[in-house]
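Here's the letter readout for the chains.
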Amino acid sequence: MKFQAVNGFKDILPDEAVRWRRLEEQARAVFRRFGLREVRVPILESTGLFARAIGEATDVVEKEMYTFADKGLTLRPEATAGLLRAYIEHGLHVQQPVQRLFTIGPMFRHERPQKGRQRQFHQIDVEIIGASEPGIDAELMAMAQMVFDELGLQVSLEINSIGCPQCRPDFRVKLVDYLSSRMDGLCEDCRRRVSTNPLRALDCKNRGCRSVVQDAPSIIDSLCRDCDTHFTAVRQHLDAFGLRYAVNRFMVRGLDYYTRTTFEFTTDQLGAQSAIAAGGRYDGLIEQLGGPAKMPGIGFGMGMERIVLLMEQQADTEKAIERADLFVAALGEQALSCAAPLVHELRKLGFAAAIDYSSRSLKAQMKQADRVKARFVLILGEEEIVRHEAALRNMDSQEQSAFPLAGTAAVLAERLAGLISL
RNA sequence: GUGGGCGUAGCUCAGCUGGUGGCAGCACCGGGUUGUGGCCUCGGCGGUCGUGGGUUCAAAUCCCAUCGCUCACCCCA
């Protein structure tokens, strides 16, 4: 019986973990400049929270959640709901009128896995709660762009406004009217959508649907005065920040809670999965979840798997190298009993020191030293023990010098430290 | 949930129309260098050919089933 990882769940092995760490560190570095603070929330929440936040009728809630039915609990399919729950539960709005938060971690959705889509996937999730000004929207996008820029990734930004509860219903009626008159040009799915979720027809990939939709009424033309003003201001801010973007009036969102600004960072280099970060404003959501009335918010999620895939195939040529500072090649019992405590002392001093306890041939140990990319090797054999003098080899320059074995392990370590930290 | 492709060594893969599993590459171990890495060279370790059934004198190869992986649809980060 051989066990293997569950379908859609992936191991991230050391070589790849290096890339993941770089992504996280880069994001954290940028977030700090924008005043974001980290929160860590559970990955398990009440099923009702997600149903309420994401929307009962969405695909995510309807068929993609990992739910423990008997316990009424669900593994989070996205991060915003849980984060807002924590915000509300702990009354964070009292501490500070505007909260800028981020969290990093796994999400779970029971979909069929494919390139760039796993059942356990990871997101870097950002939320700015308590501010409705358009400058906030633009700043959030500028921040995401900065993360991509500093990772050396080429991405495109698309934005749209999907209105608010004031203006969207009117648009919806207009759109349904239009689509109903062009039913024969729509695919089977979209015909169904006309009654269930007409906005979704706007971003259908089907050819026929696309041409029908080209002439459909535009949400942007149907925005109410406030939404229109907001959207215009967002664009002005984006221009002021020097961000390149395109308005995509066909972009809609899969989760019900979005209002006004929505945006996506996309790439064409990931097969079918083009969105690597996406989000938008959700001005009614916090109140809907039992939080303070009229509390606005906006946020986005970055798909870490997808970004890591991009890092693999873009620019990212030079690998981060993890080098050992020193490898001690010990030959024989006596040498080992001298080498082991020495390595221990070096590690206490903060050095990455390695040792091979197997007492293999010097050649084999040198090979091992090379594999861990040791900068120095201390050769400690029987001869050296007798002479009280080991050999210290610089692996890059191939220079070798004598290292007197006088004193305790701690004393030797101090002296070695001086020699190898140059 | 639907459709396509693929399962041969730890990894990447040859193996055509059935006839004993590959001097295959990478990795790993060892020799050449009786105590000095990378490069080279020689050798070695390593496989229930995903699993079960069928056809056949003979199946990695053909047929059926099943499991797994993968890509795409749907949807989404």
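Our structure's up above, just so we're on the same page.
These figures come from a predicted structure and were not determined experimentally.

Conventions we followed
Residues numbered from 1 in each chain as written. Chains lettered and ligands numbered in written order. Predicted model: local features only at pLDDT ≥ 70, side-chain atom pairs only at ≥ 80, totals over all residues. Heavy atoms only, no water. Axes fitted to C-alpha atoms, helices over the stretch in contact; angles between N-to-C directions. Helix = DSSP H or I, 4+ residues; strand = E, 2+ residues; numbered from the N terminus. Parallel < 35°, antiparallel > 145°, perpendicular 65-115°, else oblique. Contact = heavy atoms within 4.5 Å. Nonpolar A, V, L, I, M, F, W, Y, C, P; charged D, E, K, R; others polar. Buried < 20%, exposed > 50% of the residue type's maximum accessible area, 1.4 Å probe, protein only. Pairing = 2+ DSSP bridges. Right-handed = clockwise from strand over helix to strand, strands pointing away. Left-handed = near helix turned anticlockwise from the far one by under 90°. Core = buried A, V, L, I, M, F, W, Y, C linked by side-chain atoms within 4.5 Å.

Visitor: What is the right way to read the packing of helix α2 (residues 47–54) against helix α4 (residues 80–89) from this model?
Guide: To characterise two packed helices, one gives the angle between the axes of the helices and the distance between these axes. Two numbers describe how α2 lies on α4: the axes approach to 9 Å, and their chain directions differ by 105°. Judged on the interaxial angle alone, α4 and α2 are roughly perpendicular. Packed against α2, whose contacting residues are Leu 49, Phe 50 and Ala 53, the element α4 presents Ala 81, Gly 82 and Arg 85 at the interface. Its residues assigned to classes, the contact of α2 with α4 shows four nonpolar, one polar and one charged.

Visitor: Can you help me understand the pairing of strand β12 (residues 326–330) in this one?
Guide: Looking along a regular strand, one sees side chains alternate from face to face of the sheet. The element β12 is largely enclosed, with a buried count of five among its five residues. In β12, alternate side chains face the same way, and those of Leu 326, Val 328 and Ala 330 on one face and Phe 327 and Ala 329 on the other are all buried. Of the pairings in the sheet, the one linking β12 to strand β13 (residues 353–355) comprises three bridges and is parallel in character. The residue bridging Leu 326 from the neighbouring strand is Ala 353, located in β13. At this point the chain moves from β12, through helix α13 (residues 333–348), to the parallel β13, and the crossover so formed is right-handed. Pairing between β12 and strand β14 (residues 376–380): five bridges, direction parallel. Within β14, the position partnered with Ala 330 by the bridge is Leu 380.

Visitor: Just to check I follow, could you spell out the sheet that holds strand β15 (residues 389–394) for this structure?
Guide: Hydrogen bonding along the main chain pairs the strands of a sheet, whether they run parallel or antiparallel. One open sheet accounts for five strands, arranged β13-β12-β14-β15-β16; its pairing is mixed. Here the strands that pair on one side only, and so sit at the sheet edges, are β13 and β16 (400–404). Neighbour to neighbour, the strand axes of the sheet diverge by 25° on average, direction disregarded. Seen against the sheet, α13 touches β12, β13 and β14 and runs at an angle of roughly 160° to β13. Set on the sheet, helix α14 (residues 362–371) makes contact with β12, β14 and β15; between it and β12 the angle comes to about 165°.

Visitor: Explain α2 here, please?
Guide: With respect to burial, α2 is a largely interior element, six of its eight residues being buried. All of the buried residues along α2 are Thr 47, Leu 49, Phe 50, Ala 51, Ala 53 and Ile 54. In this fold, the buried residues of α2 make contact with β2 (44–46), α3 (59–63), β3 (66–68), β4 (73–75), α4 and α11 (285–288).

Visitor: In this structure, what is going on with the pairing of strand β10 (residues 275–281)? I would like to understand it.
Guide: Burial analysis of β10 places six of its seven residues in the buried class, which makes it a mostly covered element. Relative to β10, strand β9 (residues 259–266) runs antiparallel, the two sharing six bridges. The residue bridging Phe 265 from the neighbouring strand is Ala 277, located in β10. With five bridges connecting them, β10 and strand β11 (residues 297–303) associate as antiparallel partners. Considered in β11, the bridge of Gly 279 is made with Phe 300.

Visitor: Is there a simple way to explain the packing of helix α1 (residues 14–33) against helix α12 (residues 304–313) in this structure?
Guide: Running from amino to carboxyl end, α1 crosses α12 at an angle of 110°, the nearest separation of the two axes being 10 Å. Judged by the angle between their axes, α1 and α12 are roughly perpendicular. The chirality of how α1 crosses α12 is right-handed. Note on element contacts: α12 touches α1 through Met 304, Glu 305, Ile 307, Val 308, Met 311 and Glu 312, opposite Glu 16, Arg 19, Trp 20, Arg 22, Leu 23 and Glu 24. Partitioning the contact of α1 with α12 into residue classes produces six nonpolar, no polar and six charged.

Visitor: What's the story with the nonpolar core in this structure? I'm lost.
Guide: Inside soluble globular proteins, nonpolar side chains tend to come together where they are buried. Phe 31, Met 141, Met 143, Phe 148, Phe 263, Phe 265 and Ile 307 are the most contacted members of the largest nonpolar core, which has 70 residues in total. Every residue in contact with Phe 265, bar those within four places of it in the chain, is listed here: Met 141, Ala 144, Gln 145, Phe 148, Val 155, Ser 156, Leu 157, Ser 274, Ala 275, Ile 276 and Ala 277. With 26 residues, the next largest nonpolar core counts Val 61, Leu 84, Tyr 257 and Leu 285 among its residues.

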